[in-house]
Amino acid sequence: MNHPSYGKPKNRWPYFLLTYPAIMILLLFFVPLCIMFALSFFKRIQSAFFEPAFVFENYVRAFSTFFLQRIGVSLWVAAVAAFICLLIAFPFTFFLSRLRRSRQVPYLVLLISILSLSEVIIAFSWSLLLSKTSGISNLLVALKLLDAPVSWAPGFVAMLSALVYISLPLAIIVLYPSLSRLDVSLTEAATTLGASPIVSFFNVVLPNVRQALLTTFILVFIFVLGSYLIPQVLGRPEHWTLPVHITDQALLKSNMPLAAALAMLLLIASAGLSLLTLRLGRSQL
Amino acid sequence: MMILKRFFFSLVVLYLVAPLVIITGVSLNAQKRLFFPPQGLSLRWYFEFFSQAEWYLPALRSLSIAGLAALIAMSIALPLAYTVWRYDIKLARMLYFLGLAPFALPPVITALGALALWIVLQSFGKPYTVVLSHAAFLVTLPLATISLGLQSMNAESIEAATTLGADNSTVFRTIVFPYIRPYMMAGFVFAFVLSLNEYIIAFMVAGFTVETLPIKIFNSLRYGYTPVMASVSVIFFLLATLLFGLIGKFGDLPKLLGADSSSD
Amino acid sequence: MPNLIIQAISKRFGQTVALEDVSLTLPEAKLICFLGPSGCGKTTLLRLIAGLEQASSGKIFLGETELSAIAAHKRNIGMVFQSFALFPHLNVANNIAYGLKIRGVDKLTRLKRAEELLELVQLSGLGKRHISQLSGGQRQRIAMARALALEPDLFLLDEPLSALDAKLREAMQVELKLLQQRLGITTIVVTHDQQEAMTMADVIVVMGENRVQQIGAPLEIYHKPKNRFVADFIGSNNFIPALVKDTQSVSALGSIFEIALPKSLKVGAQVALSIRPEKLQLYSSEPPKSSKLAGTIKFIRDLGSTVETFVEVAGHELSVKGIQHLATGDKVWLSFDPADAVILEV
Ligand SMILES: Nc1ncnc2c1ncn2[C@@H]1O[C@H](COP(=O)(O)OP(=O)(O)O)[C@@H](O)[C@H]1O
Ligand SMILES: [Mg+2]
């Protein structure tokens, strides 16, 4: 901490200051997670939402072949999307961070604008982009590369394209600090020692940002794991991710306890991965 | 090499803007069809958005939810970020960690938790539940930007103020607050824009009673496409670009996003 | 090793002009200092020679070869960066051997060469160390060793000693000079510290306001500054406004001084006499000299080894060096040997 007189408080005032944030954060974020944890052991009843109990049947169902397969698909989709995303984001962010500061700003604005754009809007625009009536296949027809316009959605590739699209700005923004803090003179030193740009990229830049790459991969992985609308709009039911099933159970099938159990599994997986990134971040220092 | 670099860079930028171009084109169709390139140019779908209650009401709803949620998120983040920075208090650090946590988890978890909470409190479906749950979810953003601002403050300027006779609260009022104000603005804007675009939490806690704009768009996506959806999307994108563009123009966006302040 | 020729180089960054029409011929096998205040374009010129920047116009030659037409990584130039730019993911030996590795030299030869260079910079046995385990002075030597590993045609150093503390810096100045003499590589050192330049350089290039102001041997630059900028930047100097009376004399602060004037000066022209503080003589009683200045002591700065006295003469403040036992307010006289004064056109 860089506050000059950082230290233990001398009176109650700081605790008073903390009361309101404490109430809000505990009530609105922490308590709900606890309730959800409790819920995952409750019993489902037809007439109302649920009934207090202590049973493991929700977890038993969550570990059934059906949901295990769904979890497997979710993890696979997230891994593939995160990998492709990183493959694009890494060199792109590197080039971006090498531009003059003032030149970077418009790209950064574009990136955070896309990042903040609703998943609904991105799903919708990609469904247009890949559709028969307004998609890029029309462009290919005009360029005589294709005979007639075709529809490319829904499908695995369509879903993957949109998932990479939505997570690309995140990956870039997470990679951006470590790449722009990477001392430019390191690559310049490599150049004066005879390394071509490609060589210095691989043996100077890459080894120095390996941790950041791993962190970004994990964050993007979690981000895609949480995608909800894109798989529904652009994928087929067999590609649906866990959040789709959780919402489905909670709202349409009125099975809150099962939804809670599935959410707990997702929580453990992502919290574990997040803590891992924290660990990595710390060991990097 | 230079050419290859430019080519790759442009290709990625093209990938990023392609859906935006298509959606803009579609929003300009003269007929109620989703063609690209548009057939006939007109702004009628923009007028439709502003004139039809089924569109502008969700928009107004979303704007008020986003404004309130961002304000509440800020009100939670400011005292917390300040105490964590100023005092060595374990509770503060724990709360800080919890405040950052929602962004490290898939939002469906926060959404389901929120749903469970409001069911238990028997407020399921009430409009204010969306505001509060959004605020708790988005608190991460002002918390992060304000902390960044505090971290980057020069410790000596506070010491200088102290030697000139300012007490804690005067230091906060006259030195700290003016310094972190742009960071607060940035945090507010981030939270506001994200709330405006948030789908799953809003849908879970009050999807059937409070139709926000993203929910409205998704419903139209399911039950009949209309170019209004495209015009709304364009407006949303432009709004985000405008707000972030202002931050970029008047603030130091690269620094805000974590680039080193020392380089040019 | 041939001369380094810089031909009409200009460099702009958008609106900012970093270098304006710089032409230089730098001798081979010498230690050359680029000396000038911060922001005058020293780093830019060095980076242009290394190929890390592209000139807006002009060319650079090394003998017959046009250096500016060769890609930076093919120039065979050793460079030491201001931040040293050591690769944090490699140990000391691998840092030094990096250039050899790129050229496909086998591991055994590489390690042998790294050890030779460590010896050269007097850090034998540190090859296995991690970069973070080195002190500032050690990093500086490793950066030099790395740049020298390929036996470069040119050895460039950008303010190499500025990160070191004063004592170490002085020792390194001598060491760097001796190293250069031993290796005989044309070496360019950028610095803003005139003392450093005077200590090390065979040739000093004084830069200012994005141009080359003067090039010459250290003492030549010190004693015969070409213009006011150089006279002002190198050491301290008194500037006395003067008026050309005839071809042999000027009048200044109410006295006439006999002095050899360049022919180009017209009678009645405004000039400045530039004279070093140590070249002024101070008298407590009126000396029997025809040309002298009378004044009052304003302030005395006693540094122990020397005393600097500030004398006001006809509303003008002049600084004098030398041991004297006088007090503020005393009436004094000043004189100087006309051969020690440099005439500068205003
Ligand atoms: N990459 C750059 N972009 C813009 N301006 C630059 C850049 N590098 C240097 N300059 C400008 O060029 C001038 C000369 O800089 P530099 O060569 O670094 O000076 P020095 O090394 O003598 O201090 C300065 O005004 C500086 O601001
Ligand atoms: Mg410099």
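Residues numbered from 1 in each chain as written. Chains lettered and ligands numbered in written order. Predicted model: local features only at pLDDT ≥ 70, side-chain atom pairs only at ≥ 80, totals over all residues. Heavy atoms only, no water.

**Student:** Before we move on, can you summarise the site of ligand 1 with the specific residues and values?
**Tutor:** All names here are of chain C. Taken together, the neighbourhood of ligand 1 is formed by Phe 13, Ala 18, Pro 37, Ser 38, Gly 39, Cys 40, Gly 41, Lys 42, Thr 43 and Thr 44. Within the contact set of ligand 1, an oxygen atom lies 2.6 Å away from a backbone nitrogen or oxygen of Gly 39. Relative to its unbound accessible surface of 560 Å², ligand 1 loses 64% to contact with the protein. Ranked by the residues each element gives to the shell around ligand 1, the list is headed by helix α1 (residues 42–50), at three residues. (Near = heavy atom within 4 Å. Polar contact = N/O pair within 3.5 Å; in protein donor to acceptor, adjacent residues only side chain to side chain. Areas by Shrake-Rupley, 256 points an atom, 1.4 Å probe, with all protein chains shown as cover. Helix = DSSP H or I, 4+ residues; strand = E, 2+ residues; numbered from the N terminus.)

**Student:** Tell me about the packing of helix α2 (residues 44–51) of chain B against helix α3 (residues 53–86) of chain B, and name the residues and values.
**Tutor:** Residues and elements named next belong to chain B. Where α2 contacts α3, the two axes come as close as 5 Å, and the packing angle between them is 65 degrees. Classified by the interaxial angle, the pair formed by α2 and α3 is roughly perpendicular. Contact with α2, carried on its side by Phe 49, Phe 50 and Ser 51, involves Ala 53, Trp 55, Tyr 56 and Ala 59 of α3 and no other residues of that element. Class assignment for the residues of the contact of α2 with α3 results in six nonpolar, one polar and no charged. (Axes fitted to C-alpha atoms, helices over the stretch in contact; angles between N-to-C directions. Parallel < 35°, antiparallel > 145°, perpendicular 65-115°, else oblique. Contact = heavy atoms within 4.5 Å. Nonpolar A, V, L, I, M, F, W, Y, C, P; charged D, E, K, R; others polar.)

**Student:** Let's hear about the sheet that holds strand β17 (residues 307–313) of chain C: which residues, and what values?
**Tutor:** Strand pairs in the sheet, formed through backbone hydrogen bonds, run parallel or antiparallel to each other. All names here are of chain C. The sheet built from five strands is open, its strands ordered β15-β19-β16-β17-β18 with antiparallel pairing. Each having just a single partner strand, β15 (281–283) and β18 (316–321) make up the two edges of the open sheet. With direction set aside, neighbouring strand axes in the sheet form an average angle of 40 degrees. Note that strand β16 (residues 293–302) and β17 share six bridges and pair antiparallel. (Pairing = 2+ DSSP bridges.)

**Student:** Tell me what's going on with the nonpolar core, and back it up with residues and numbers.
**Tutor:** Formed by 240 residues in total, the largest nonpolar core has its most connected members in Leu112(B), Phe34(C) and Ile49(C). Ranked by residue count, the leading element in this core is helix α3 (residues 65–98) of chain A, at 17 residues. By size, the runner-up hydrophobic cluster in this structure holds 44 residues, among which are Ala143(C), Met144(C), Phe155(C) and Ala197(C). (Core = buried A, V, L, I, M, F, W, Y, C linked by side-chain atoms within 4.5 Å. Buried < 20%, exposed > 50% of the residue type's maximum accessible area, 1.4 Å probe, protein only.)

**Student:** Go over the side chain of Arg110(C), please, and point to the residues and values.
**Tutor:** Considering the arrangement of structural elements, one finds Arg110(C) in helix α4 (residues 107–120). Among all residues touching Arg110(C), those that are not within four sequence positions of it are Ala97(C), Leu100(C), Lys101(C) and Val105(C).

**Student:** Give a description of the interface of chain A and chain B that names residues and reports values.
**Tutor:** The interface of chain A with chain B comprises 97 residues on the first partner and 101 residues on the second. A combined buried area of about 8900 Å² lies between chain A and chain B, and 80% of that area is made up of carbon and sulfur atoms. Taken together, chain A and chain B are joined by one salt bridge. The closest approach of N and O atoms between Lys8(A) and Asp88(B), which form a salt bridge, is 3.4 Å. (Buried area = accessible area lost by both parts, 1.4 Å probe. Salt bridge = Lys/Arg side-chain N within 4 Å of Asp/Glu carboxyl O.)

**Student:** Any chance you could break down unusual backbone geometry for me, citing the residues and the numbers?
**Tutor:** Of note, Lys144(A) is a non-glycine position whose phi angle comes to about 65 degrees, a positive value. Tracing the sequence through the fold places Lys144(A) in the loop between α6 (136–142) and α7 (156–181).

**Student:** Account for the confidence of the model for chain A, with residues named and values stated.
**Tutor:** In low-pLDDT regions, the fine details of the predicted coordinates are not to be read closely. Per-residue confidence for chain A averages 88 on the pLDDT scale, and 95% of its residues sit at or above 70. Of all the helices and strands in chain A, strand β2 (residues 50–51) of chain A carries the lowest mean pLDDT, 76, while helix α1 (residues 13–39) of chain A carries the highest, 94. (pLDDT = per-residue confidence, 0-100.)

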